[in-house]
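Listed here are the chains, written in short residue letters.
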Amino acid sequence: MSENIPVLILAAGSSSRMEGEIKQLLPYQNTTLLGHAISQAKAVSDKVFVVLGANFEMIQESLSDGVTSVFNPNWESGMGTSISKGVRQILKNDQESRAILIMLADQPLIDSDFLHEMIHLYNTTRSKIVATRYGERFGVPAVFDFSLVSELQTLHEDYGARHIIQAYSEEVLDIDPKGKEFDVDSKKDYIQLIDNVYSKN
């Protein structure tokens with residue numbers, strides 16, 4: 001358990017491509033997409049924060065115990081605002097963290113093993129950022145050293161975590177997710193995910 005590294009899950013989107021369904025609440029692995037992300041986060045940290053926006057009340061009701069929800073009223077402005085809001089809440093709750101791990105709610109193949117690997121790499125190297133590789137680019141899930149907290153707090157609609165990762169590109173260690181980076185952006189993606197799960201059972 002990496003008690004000193006809080007996990008911030010970004011789950012504020014409106015599911016605009018899900019044909020009227022709330023993506024965070026879609027069934028997956030005996031829970032929901034968001035519930036699954038929370039369970040993986042809880043396996044690596046006892047400090048889990050979830051930023052919500054669209055459909056806040058319905059999603060909040062589904063959250064398990066031991067999770068701190070953060071409402072971002074400006075969720076439509078972009079992911080940067082959710083990161084900023086979440087990081088500010090983490091700082092209110094915890095002044096002793098060495099780093100923050102930021103992840104998404106709609107990457108169901110990202111599991112606790114991958115998160116453990118990411119945290120282990122950070123703990124053993126103390127790099128400023130340990131990020132997920134996307135071809136030639138890096139992104140979240142990513143561990144950000146506490147020295148970057150002030151920059152994470154000032155993110156806004158035009159700038160998300162990727163901009164900070166790019167700014168410190170020479171100090172980033174990356175991990176190949178080997179397909180685990182698959183994200184559920186549309187109903188078609190979700191159907192593909194479920195089909196793959198059943199085909200393996």
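The following refers to the structure shown. (Residues numbered from 1 in each chain as written. Predicted model: local features only at pLDDT ≥ 70, side-chain atom pairs only at ≥ 80, totals over all residues. Heavy atoms only, no water.)

Looking now at the packing of aromatic side chains. A ring pair, where both rings are aromatic, is described by two values, the distance of the centres and the angle of the planes. Scanning the entire structure with this criterion turns up 1 aromatic pair. Above the face of the Tyr134 ring, Arg162 is positioned so that its terminal group lies 5.8 Å from the ring centre. (Phe/Tyr/Trp six-rings, centres within 6.5 Å; stacked < 30°, edge-to-face > 60°. Lys NZ or Arg CZ within 6 Å of the ring centre and 35° of its normal.)

Ile9, Leu34, Val50, Leu101, Met103 and Val143 are the most contacted members of the largest nonpolar core, which has 29 residues in total. Looking at this core, the elements that each hand over two or more residues are strand E1 (7-11), helix H1 (33-42), strand E4 (48-52), strand E6 (99-104) and helix H4 (112-125). The element contributing the most residues to this core is H4, with 5 residues. Once residues lying within four places of it in the same chain are set aside, the contact partners of Ile9 are Leu34, Ala37, Ile38, Ala41, Val48, Phe49, Val50, Val51, Met103, Leu104 and Ala105. Judged by nonpolar contacts, the second largest core, of 28 residues, contains Leu10, Ile90, Leu155 and Ala161. (Core = buried A, V, L, I, M, F, W, Y, C linked by side-chain atoms within 4.5 Å. Buried < 20%, exposed > 50% of the residue type's maximum accessible area, 1.4 Å probe, protein only. Helix = DSSP H or I, 4+ residues; strand = E, 2+ residues; numbered from the N terminus. Contact = heavy atoms within 4.5 Å.)

Applying the stated criterion to the full structure yields 1 cavity of 30 Å³ or more. In this structure, the largest cavity occupies an estimated 30 Å³ of space. Lining the largest cavity are Leu33, His36, Ala37, Gln40, Met103, Ala105, Gln107, Pro108 and Ile110. It is H1 that provides the largest number of residues to the lining of the largest cavity, a total of 4 residues. Partitioned by chemical class, the residues of the lining of the largest cavity number 6 nonpolar, 3 polar and no charged. (1 Å grid on protein atoms, 1.4 Å probe; cavity = no way out; pocket = protein on both sides within 12 Å on 5 of 7 lines; lining within 4 Å. Points joined across faces, edges and corners; volume = space filled by probe spheres on them. Nonpolar A, V, L, I, M, F, W, Y, C, P; charged D, E, K, R; others polar.)

Now for the layout of surface pockets. Volume-wise, the largest pocket comes out at about 760 Å³. If you go around the largest pocket, you meet 30 residues; those closest to its centre are Lys23, Met79, Leu104, Asp106 and Asp185. At the level of elements, E1, helix H3 (79-93), strand E8 (137-145) and helix H6 (161-167) are the ones that each hand at least two residues to the lining of the largest pocket. Here the lining of the largest pocket is built from residues that sort into 13 nonpolar, 10 polar and 7 charged.

Take unusual backbone geometry next. Both trends apply: most residues other than glycine have a negative phi, and most peptide bonds are in trans. For the peptide bond that leads from Val140 to Pro141, omega is 5 degrees, which places it in the cis range. By the secondary structure assignment, Pro141 is in strand E8. Here the phi dihedral of Asn55 falls at roughly 55 degrees; this positive angle occurs in a residue that is not glycine. Structurally, Asn55 is set in the loop between E4 and helix H2 (56-62). Of the residues examined, Asn55 reaches a relative accessible area of 33% and is grouped as partly exposed. One non-glycine residue with positive phi stands out, namely Arg126, at about 55 degrees. With relative accessibility at 48%, the residue Arg126 sits in the partly exposed group.

Keep in mind these values describe shape, not function.
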